[in-house]
Each structure stands twice: as structure tokens, then as C-alpha cells.
Amino acid sequence: MGKDEHKKKSKNRMAQTPKNQLRAQDVEFSQSMADQEDLEAQARAREADRRAQNQKR
């Protein structure tokens with residue numbers, strides 16, 4: 001097994017972002033206009049971040 005065996009050029013392309021997901025929009029969030037679902041989603045996100053941080057330690 002020589003060095004050249006590891007340098008094969010693959011025809012498989014790396015995964016790319018689908019074209020339909022390239023049009024990202026920045027949306028401004030206003031806490032004063034948040035409804036109950038928004039507040040619950042924020043709480044779930046905070047808990048998920050906390051669990052992720054605890055898992056890294």
C-alpha cells in the first residue's frame with residue numbers, strides 16, 4: 001500500500017446547501033410583541049443550551 005493510494009480524487013462532491021435554503025432572511029425579534037408560543041420557544045432554547053453546556057463539561 002503506497003502513498004498514492006490515499007490521494008485518489010473522488011468524484012463525490014461535498015454536501016452543499018440546497019438552493020431553496022440560500023435565501024435566508026434576518027428577522028428582528030421584539031420582546032414586547034412576543035406571544036406565549038414565542039416565550040415558550042425561548043425557554044426551550046435556553047434549557048437546550050444549558051443542557052448542551054452541561055454535557056460538554
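Structure report, in brief.

Definitions and cut-offs
- Residues numbered from 1 in each chain as written.
- Predicted model: local features only at pLDDT ≥ 70, side-chain atom pairs only at ≥ 80, totals over all residues.
- Heavy atoms only, no water.
- Helix = DSSP H or I, 4+ residues; strand = E, 2+ residues; numbered from the N terminus.
- Buried < 20%, exposed > 50% of the residue type's maximum accessible area, 1.4 Å probe, protein only.
- Areas by Shrake-Rupley, 256 points an atom, 1.4 Å probe, with all protein chains shown as cover.
- Salt bridge = Lys/Arg side-chain N within 4 Å of Asp/Glu carboxyl O.
- Patch = residues over 30% accessible without salt bridge, like charges linked within 9 Å, V, L, I, M, F, W, Y side chains within 5 Å.
- Lys, Arg positive; Asp, Glu negative; His and termini not counted.
- Charge placed at Lys NZ, Arg CZ, Asp CG, Glu CD.

1. Comments concerning the overall build of the chain
- A tally of helices and strands in the chain yields 1 helix and 0 strands.
- In the chain, buried positions account for 2% of the 57 residues.
- With the model as given, the accessible surface of the chain reaches about 6600 Å², and the carbon-plus-sulfur share is 47%.

2. A look at the pattern of salt bridges
- Throughout the structure, instances matching the rule amount to 1 salt bridge.
- Among the ionic pairs, arginine 50 bridges to glutamate 47, the shortest N-O distance being 2.7 Å. Here arginine 50 and its partner glutamate 47 are both found in helix H1 (residues 36-56), 3 residues apart, which amounts to about one turn of the helix.

3. Description of a negative patch on the surface
- Taken together, the side chains of Asp35, Glu37, Asp38 and Glu40 make up a negatively charged region of the molecular surface.
- Structurally, the position occupied by glutamate 37 is in helix H1.

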